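Here is how the chains run, residue by residue.
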Amino acid sequence: MGAMFRSEEMSMVQLLIQPEAAYQSVAEMGELGIAQFRDLNADINMFQRKYTTEIRRCEEMDRKIGYIRREITKDSVTIPDMPEDIPRTPNSREIIDLEAQLEKTENEIVELSENNSALLQNFMELTELKHVLEKTQVFFSDRSNVQNLEATGGEAANDGKPLGFVAGVISRERIIGFERMLWRVSRGNIFLRQAVLEEALVDPKSGETVNKIVFVAFFQGEQLKSRVKKVCTGYHAALYPCPSESSEREEMLRGVRTRIEDLKMVLGQTQDQRQRVLLNVAKEVPTWEIIVKKVKAIYHTLNMFNVDMSKKCLFGEAWVPTDSLQDVKAALVAGSSSVGSTVPSFLNIIETNEDPPTYNKTNKFTRGFQNLIESYGIATYREANPALYTIITFPFLFAIMFGDLGHGLILFMLGMWMVLWEKTLDKNKEEIWQLFFGGRYIILLMGIFSMYTGFVYNDLFSKGMNIFGSSWSINYNTSTVMENKELQLNPTDDYSETVYWYGLDPLWMLATNKIIFLNSFKMKLSIIFGVVHMIFGVCMSLVNHNKFRRRENILLEFIPQILFLVVLFAYMCFMMFFKWIMYTAVTDEDHLKPGCAPSVLIMFINMMLFKSQEPLETCKEYMFDGQDTLQVILIVLGVICIPWLLLAKPFFIMVQRKRKSAVNHVAEANHQQQQASSSNHHDDEPMSEIFIHQAIHTIEYILSTISHTASYLRLWALSLAHAQLSEVLYNMVFTIGLSNDSYVGAILIWLVFWPWSVLTIGILVGMEGLSAFLHTLRLHWVEFMSKFYEGLGYAFQPFSFKALLEEEEVE
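Rules behind the numbers
- Residues numbered from 1 in each chain as written.
- Predicted model: local features only at pLDDT ≥ 70, side-chain atom pairs only at ≥ 80, totals over all residues.
- Heavy atoms only, no water.
- Helix = DSSP H or I, 4+ residues; strand = E, 2+ residues; numbered from the N terminus.
- Expected span 1.5 Å × (residues − 1).
- Bend = angle between axes of the 7 residues up to and from the residue.
- Core = buried A, V, L, I, M, F, W, Y, C linked by side-chain atoms within 4.5 Å.
- Buried < 20%, exposed > 50% of the residue type's maximum accessible area, 1.4 Å probe, protein only.
- Contact = heavy atoms within 4.5 Å.
- 1 Å grid on protein atoms, 1.4 Å probe; cavity = no way out; pocket = protein on both sides within 12 Å on 5 of 7 lines; lining within 4 Å.
- Points joined across faces, edges and corners; volume = space filled by probe spheres on them.
- Nonpolar A, V, L, I, M, F, W, Y, C, P; charged D, E, K, R; others polar.

Residue-level account of helix α24 (residues 714-738), with values.
If you check α24, its first and last C-alpha atoms are 34 Å apart, about what 25 residues at 1.5 Å a residue would give, namely 36 Å. Considering bend angle alone, the principal kink of α24 is centred on N731 and spans about 35°.

Structure, rendered in structure tokens:
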């Protein structure tokens, strides 16, 4: 956990690498994923960089792999998932071999595809010809057709010319327009016969099924013949030779059927050969894709390097975690030795004024919490990281709102299921699922903490648990309870003077006045936890001031901030505890009985307004002697904190500037460099803007302290709402089965259990859980982190093959 306290220390390094070792050296660093390279050629066009040719070769290989994958998918061949053991980056010779293998595989698949397409085209044409010969047999043998032919002139027209015809196949959706166009061009002198094909044909180009119709058009004269063929061409109708004699058609049909059978056998063999090739290739495609992506990424990275022609080397710059410098040096040595280079590569640490990237080391447990923080903003370099504390505070504040032992158990089982089967579940790369799955440890902890607070609230699916007995001694008799149908707990009469050892007494779950007690209990707890949370946030700013050597801010900002928060709101929390301890129903002193206990809220308001309130008889206005004087002192201290925050820092900066102007220019420059952090980088900012900025900051802090304290009341509100909604659901649904004490009641319980469980999981766990999650997130982002977290950094994005492949897989 120490690595999460603040981001890793980063170093800017300069790398000097020999050209022959550059590829392998960058590949080694890509395997480690510890260097974020800077682009030293930002002003150079991408097409003018040194390794553009190699990138184009990778893009060509990527195109070939994409074509192979599409062909494999088209034939419904299964491609295995990405291998768990990611293949190492190949050397230059292996890349050449891969290029040759891809070229050979592509050509083989293209050749098989073209042959198969040609065979399918021939098969479709023969099939259409077969249907034409079969259907026209009916046309020529139909007596009505013969009579129509005789009516138009028979075998020979009046001028002695024979009656001609053409036969073919056309798509079904074009037949109406085709028939209309024939009638127009011939003025009704063309006789068209058609027959629908029962079976759909497969288009060899698109692979889609097409419904077609066989037609025969009878006409007279060459002029009409020419017109008919033009119309057929325009409507993409396929014309086929069809003898007029029946015997010739029969003989031709037998030949066509024989050719179709032979072609089917050839097609089967061709498809088998294609399947064998694709099955062999499918196993290699994921590996090829990984290799090409890695090689392409290496050359893109090398294009960020500068080329020094005089020294014949490449030099680049990168951000590297200081703890990983030795790993980078080892990667450079490994890269040089793998190619047998005798000239070593060098690594130099260089000074820079640029802000380093922020890098927080995480594991599968802490990654989800870190993502919650970074959704708000990336931490400034070396700033205190809130994610470390969020591991505890986030599920705890969630559990205060979601406190139910049963509902927490459901969340716990859900989180445990995702944790135990995380390797299997992680294979689902859906974006929404990955977002949910990434927070599996958050859900697990939220379930554990919710079970804890549910045990404190003594709440299990809205029912109380009587495990340790009760500290109340009920003085009601049976007749009174049965007549009134209610039970009210009165501390004066019913309290047994024994403190219940843990959580809420189970008898409160039966009392009709429990809501009054729970309101007070949960509301005060919300304020107490909220004030503690905010004080902790302000204390975290002390850590940042000390780390960035802004120690003057401890006096100018931290002390007035923490003092204002403590003298007002921590004091209010103190009064709550004091009231719980001092006032009791079991006492002989009248002014310490519950009826004399003052309202903490009213007392706090009177304190702020310098008002007093006349107490009841035998009661005292204040809880202890000298409280009125103490409250005046606290108010004065709180008021003093406002001008302290408003003016102290601007006047400090003004004095610092006057001191600098009294020395010579060289001393001023040195002093400015040494004290840059202490003046918080305000050297170039006008004093008027500094005063305005500090005024805004002061007003924001003072007002937000009040509003943020009230904001924590959402812990109380959502907790009560969750408990009441759970109780309503139980009383309206589950009690239906409990209302009957016969065997029918057992059946009703079984029947109503299912809608009750569905509503419990859907509404109380799902919707209420999401609501509590979002409110908890807001309490951390606004009320807690605003006290110390700047979030003005940028993320460390190293050159990493693992991150690259994971990103590609998600896309």
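So what's going on with the nonpolar core? Which residues, and what values?
The biggest cluster of nonpolar side chains holds 74 residues, and the ones touching the most others in it are L568, F569, M572 and M575. In terms of residue count, the dominant contributor to this core is helix α19 (residues 552-582) (13 residues). Setting aside anything within four residues of it in sequence, one finds M575 in contact with V600, M603, F604, M623, Q627 and Q631. In this structure, A22, M29, I65 and Y67 belong to the second largest nonpolar core, which totals 51 residues.

If you had to explain unusual backbone geometry to someone new, which residues and values would you point to?
With a phi angle near 60°, S76 is a residue other than glycine that sits in the positive phi range. Of note, S76 is situated in the loop between α2 (52-74) and α3 (92-141). S76 sits in the exposed class, given a relative accessible area of 65%. Residues other than glycine seldom take positive phi values, yet F610 does so here, at roughly 55°. If you trace the backbone, F610 turns up in the loop between α20 (600-609) and α21 (627-661).

I'd like a description of empty space enclosed by the protein, backed by residues and values.
Tallying each qualifying case throughout the model produces 2 cavities of 30 Å³ or more. Estimates place the volume of the largest cavity at around 120 Å³. Forming the walls of the largest cavity are Y457, D459, S462, L504, M509, K514, L518, K522, L720, A723, Q724 and E727. At the level of elements, α18 (514-547) and α24 are the ones that each hand at least two residues to the lining of the largest cavity. Considering every element that reaches the lining of the largest cavity, the biggest residue donor is α24, with 4 residues. A per-class count over the lining of the largest cavity returns 6 nonpolar, 2 polar and 4 charged. What the second largest cavity holds in volume is close to 60 Å³.

So, the environment of S450: which residues are in play, and what are the values?
With respect to the helices and strands, the residue S450 is situated in helix α15 (residues 440-457). With a relative accessible area of 0%, S450 lands in the buried category.

Explain the environment of V185 residue by residue, including any values.
With respect to the helices and strands, V185 occurs in helix α5 (residues 175-186). The exposure class assigned to V185 is partly exposed, which follows from its relative accessible area of 23%. Along the backbone, V185 and L224 are 39 residues apart, and their C-alpha atoms lie at a distance of 8.2 Å. Discounting chain neighbours no more than four positions away, the residues touching V185 are L224, R227 and V231.

Tell me about helix α7 (residues 246-282), and please be specific about residues and values.
Its 37 residues place the ends of α7 52 Å apart at the C-alpha level, agreeing with the 54 Å of an ideal helix rising 1.5 Å per residue. Here α7 has its buried residues at R249, L253, V256, I260, L263, L267, T270, R274, V277, L278, V281 and A282.

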